[in-house]
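Chain and residue survey
Below, each chain spelled out in residue letters.
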Amino acid sequence: MVTPILPLRIEGAHVRRKSLRLIGPVDLEIAGTGLTIVMGPNGSGKTSLLRLMHGLERADEGRLEWAVPEVEARAAQGYVFQRPTMMRRSVIDSIAYPLLLRGVSRRDAATQAQNWAERVGLGDAVARPARVLSGGERQKLALARALIRAPQILFLDEPCANLDGAATREIEALLRDVVAGGTRVIMATHDIGQARRLANEVVFLLNGHLHETGPADAFFAGPATPEAAGFLGGQIVD
Amino acid sequence: MQAAWLILTLDAELIEITLRSLQVTVTAVVISAAIGLPLGAWLAVNRFAFRRHVIAVLNALMGLPPVVVGLIVYVMLSRSGPFGVFGLLFTPTAMIIAQIIIVTPLIASIAHQVIRDLWSEYHDLLISLNTTKTQRIKTLLWDGRRALLTACLAGFGRGIGEVGAIMIVGGNIDNVTRVLTTAIALETGKGNFALALGLGFVLIGLAIAVNVLIHNLSRTERSSQW
Amino acid sequence: MRNLAIFLFSLLPAVAMADTLRMAVTTSFHNSGLSDILLPAVEEDTGITVQLLVVGTGQALRLGRAGDVDAVLVHARAAEEAFVGTGHATHRREIMYNDFVLIGPAEDPADIAGAESAADALRRIATSGAVFVSRGDESGTHQKELELWFAAGLAPDGFGPAYRSVGAGMGATLNTASGMNAYLLADRASWLNFGNKGDLALLYAGDPALFNQYAYLPVNPARHPHVPADLTERLENWLAGPRAKTLIDGYMLNGEPLFTHNARN
Ligand SMILES: Nc1ncnc2c1ncn2[C@@H]1O[C@H](COP(=O)(O)OP(=O)(O)OP(=O)(O)O)[C@@H](O)[C@H]1O
Ligand SMILES: [Mg+2]
């Protein structure tokens, strides 16, 4: 069996660009199963936090620790970027690509990719060049590409931002399956309704630091801080 | 006109010279691409001390005067030079070596620019997918193939029209190292401008034919979206 | 791509390495067209394929010195003797001669057509101030030209802009002279074969001082062990022999004989 890479512990982590602080201090533990929603106003640091956890940003201060060495941990993670990169390949080849990197045979990779394309609703588009896809289709592709390696933890940066209602429901159903299958999901979203439907846990970011963290039920029932309450109520907070 | 006559009758010698031009330059470009493409990609994805300097040198080498390359290869391959024992001077191999030196920096330099742009686009994805350095380079080379093909065609253009270096290291020996450009130089020397021009048109035609052929082959992959 | 390369290679006849000789010859010899007659005959009689490197005399001798050719056929006596003297060739064998001619604008402003000797013709060009184009490349023709200036008691260094040294082969120099309508010294064969004469005409020839002796120099195998001494000797014997004599003496260009075979046996 695969060795579990969780829990992930982050202690006093800061990410800086020159003298500018993107996020910090971050103290967080990701463990167990379920789906964590990262919320907060634009520019509050959601993307930066996901990138920090995924290892795309280095902690300039503080530490970040997986249960296994970092290289091993990275191999068991999936990431869907806010603006996914479309390779100069067909949809099916793009989805199969992560498997080819693992040395899976072309035929097996193509079969699995076809399967995932259908699950995210791209079954009809497999032969198209990835770069002609619409914004929503690109996010579906990126999701399939991240899931095909069956990651233990999946980071999603606003994966439904460009999706219509029907597609959003399909993806949410898919995510529930993924979570039920034991994959830990960390997802940034602006859609409060979606957060309510999916979240087990909420991380509320404000100006780069963790303003409020806790179980989803409690957070949505009555946020502890006035800023979180204001955010849920649709007010401008900062 | 003599030149038109030679072309229309598919003169055996003209065909042989044309094929030799192709043989020398295509071989040189294939080898240059095998060196230059990975080198350019490697330079684009790696950070190391003096990287900028290496790239600056590469760009400068792009402008190497062929005559100088020819002279250096000549001195190296001459019987009294360090590689004289191989007896390579005045053979097609010597011409290929000279052209490799001329063409490789050009291909590597263009490849570096192409791959650098693609790398900045693919960076996060490839890091996220935990790729090894080799996998990154392979992926970037494959996904950049159209632009890289153009780099190779630029290399072919520089090679096929080059005369300074191959004249020196090949010696323009009839039936052995005479190619289109050296034949043109020879006929110009004899004042046979008409024939020289005719050969020039064959050379231009050849360059165009190769470009069209390669572009059509790569277009079978459809659309410009890749 | 690989298939294409293999295809290209397969189309070219393999170069037979057996019995191949590399010989450096002067541009003038090659331009005469005589090599096209001689080489097939050489191959027929001796089985030797001769690969010609067509260069100036200076470069031909340098190629011999470096061992990059197996034999040299040139026309610059002093340089040839020095070449033998330093042991680069075993000996020097005179094969044939042709002659140099003075070319210039058809209207002949320096009136060299009426000159009494080659030296006189050059003096006339110098005094008229007409433009003279020189090979300037240390070739046999260039060396002959300097010899003639010396015989005329003149030094071309002092001529100023009327003396143009182009540092190029015979063909390029003829092209330049044709463009500038200038005087120059050329070998008869190159002149007859030249296709871009323009207003130029042959104005003076015939002085024995203009004779142009070709000699064969086999590169010394003691210095360059890879030189096939048996082949260079076979070629020399053929060049000095009767078939070569018939072909060389009988060779005509535009109805004029060009070369006289004078190898001594
Ligand atoms: N490379 C960078 N240099 C300077 N500032 C940066 C850089 N990357 C991010 N930032 C800034 O850091 C802040 C946090 O950015 P981040 O992308 O994490 O926000 P976000 O919460 O994901 O916002 P959004 O909801 O718009 O996606 C922003 O103000 C952003 O402008
Ligand atoms: Mg973001």
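Residues numbered from 1 in each chain as written. Chains lettered and ligands numbered in written order. Predicted model: local features only at pLDDT ≥ 70, side-chain atom pairs only at ≥ 80, totals over all residues. Heavy atoms only, no water.

Before going further, it helps to spend a moment on the domain arrangement of chain C. Residues and elements named next belong to chain C. The domain boundaries assigned to chain C delineate domain 1 (2-97 + 213-261) and domain 2 (99-210). Measuring from the centre of the C-alpha atoms in domain 1 to the corresponding centre in domain 2 gives 27 Å. On the domain 2 side, the residues contacting the 15 residues of domain 1 number 13 residues. Buried area between domain 1 and domain 2, both sides added, is near 1,200 Å², and the carbon and sulfur share of it is 54%. Where domain 1 packs against domain 2, one counts 1 salt bridge. Two residues, Glu256 and Arg188, come together in a salt bridge whose shortest N-O distance is 3.2 Å. Every element with two or more residues in the side of domain 1 that touches domain 2 is listed here: helix H2 (27-31) and helix H4 (57-66). At 3 residues, H2 tops the list of elements feeding residues into the side of domain 1 that touches domain 2. Grouping the amino acids of the side of domain 1 that touches domain 2 by side-chain chemistry returns 4 nonpolar, 10 polar and 1 charged. (Domains from an automatic or database assignment. Contact = heavy atoms within 4.5 Å. Buried area = accessible area lost by both parts, 1.4 Å probe. Salt bridge = Lys/Arg side-chain N within 4 Å of Asp/Glu carboxyl O. Helix = DSSP H or I, 4+ residues; strand = E, 2+ residues; numbered from the N terminus. Nonpolar A, V, L, I, M, F, W, Y, C, P; charged D, E, K, R; others polar.)

Moving on to the pairing of strand E1 (residues 20-26) of chain C. All names here are of chain C. For E1, the tally of buried residues reaches 7 of 7 residues, placing the bulk of the element in the interior. Along E1, one buried face is formed by Thr20, Arg22, Ala24 and Thr26 and the opposite face, lined by Leu21, Met23 and Val25, is buried too. With 7 bridges joining them, E1 and strand E2 (residues 49-55) adopt parallel strand pairing. Bridge pairing in E2 links Arg22 to Gln51. Bridge count for E1 against strand E3 (residues 71-74) is 3 bridges, and the pairing is parallel. Looking at E3, one finds that Val25 is bridged to Leu73. (Buried < 20%, exposed > 50% of the residue type's maximum accessible area, 1.4 Å probe, protein only. Pairing = 2+ DSSP bridges.)

At the interface, 25 residues of chain B touch 23 residues of chain C. Where chain B abuts chain C, roughly 2,300 Å² becomes buried across the two surfaces, and 66% of that area is made up of carbon and sulfur atoms. Put simply, chain B and chain C have 0 salt bridges between them. If you look at where chain B meets chain C, you find 7 residue pairs in polar contact (both at pLDDT 80 or more). Of all elements in the fold, only helix H2 (12-45) and helix H9 (180-189) of chain B reach the threshold of two or more residues within the side of chain B that touches chain C. Per-element accounting of the side of chain B that touches chain C gives the leading share, 8 residues, to H2 of chain B. Each residue belonging to the side of chain B that touches chain C can be placed in one class, and the counts come to 11 nonpolar, 10 polar and 4 charged. (Polar contact = N/O pair within 3.5 Å; in protein donor to acceptor, adjacent residues only side chain to side chain.)

To continue, consider the site of ligand 1. All names here are of chain A. As a structural note, the neighbourhood of ligand 1 is formed by 14 residues, with Arg17, Gly43, Lys46, Thr47 and Ser48 the closest of them. Taking Arg17, its side chain carries an N or O atom lying 2.8 Å from a nitrogen atom of ligand 1. At 2.7 Å, a side-chain N or O of Lys46 approaches an oxygen atom of ligand 1. Taken together, the elements giving at least two residues each to the shell around ligand 1 come down to strand E2 (20-30) and helix H1 (46-54). The class makeup of the residues in the shell around ligand 1 is 3 nonpolar, 8 polar and 3 charged. (Near = heavy atom within 4 Å.)

With that out of the way, let us pick up the coordination of the magnesium ion (ligand 2). Residue and element names in this part refer to chain A. Donor atoms from the polypeptide that bind the magnesium ion (ligand 2) are Thr47 (OG1) and Gln82 (OE1), placed at 1.9 to 2.3 Å. Pair noted here: Thr47 is in helix H1 and Gln82 is in the loop between strand E5 (77-80) and helix H3 (91-101), with a separation of 35 residues, a long-range link. You can call Gln82 partly exposed: its relative accessible area is 33%. (Donors = N, O, S within 2.8 Å, 3.2 Å for Na, K, Ca; no water.)

Residue and element names in this part refer to chain A. Along the chain, Pro7 turns up in the segment before strand E1 (8-17). Overall, Pro7 belongs to the partly exposed group, its relative accessible area being 24%. For Pro7 and Leu101, which are 94 residues apart along the polypeptide, the C-alpha to C-alpha distance reads 26 Å. With near-sequence residues (within four places) excluded, Pro7 lies in contact with Glu29, Ile30, Ala31, Glu65, Trp66 and Ala67.

Accessible area lost upon the coming together of the parts serves often as the stated size of an interface. Taken residue by residue, the interface counts 20 residues in chain B and 23 residues in chain A. Counting each side, the surface lost to burial between chain B and chain A is near 2,000 Å², with a carbon and sulfur contribution of 54%. Here Asp143 of chain B makes a salt bridge to Arg89 of chain A, at a shortest N to O gap of 2.7 Å. Scanning the region where chain B abuts chain A turns up 12 residue pairs in polar contact (both at pLDDT 80 or more). Breaking the side of chain B that touches chain A down by element, the ones donating at least two residues are helix H5 (92-128) and helix H6 (133-143) of chain B. Here the residues of the side of chain B that touches chain A sort into 8 nonpolar, 7 polar and 5 charged.

This next bit is on the side chain of Gln213 of chain C. All names here are of chain C. Residue position: Gln213 is located in strand E9 (residues 211-218). There is a polar contact of 3.0 Å between the side chain of Gln213 and the backbone oxygen of Met96. Within the structure, Gln213 has its side chain in polar contact with the side chain of Asn262 (distance 2.8 Å). Those residues in contact with Gln213 that sit more than four places away from it in its chain are Val74, His75, Glu80, Arg92, Glu94, Ile95, Met96, Tyr97 and Asn262.

Residues and elements named next belong to chain A. Reading across the sheet, the 6 strands line up as E5-E6-E7-E3-E8-E9 and stay open at both edges, with mixed pairing between neighbours. The open sheet has two edge strands, E5 and strand E9 (209-215), and neither has a second partner. Direction aside, the axes of adjacent strands within the sheet are offset by 15 degrees on average. Here E5 pairs with strand E6 (residues 153-157) via 4 bridges, running parallel. Note on E6: the bridge partner recorded for Val80 is Leu156. (Axes fitted to C-alpha atoms, helices over the stretch in contact; angles between N-to-C directions.)

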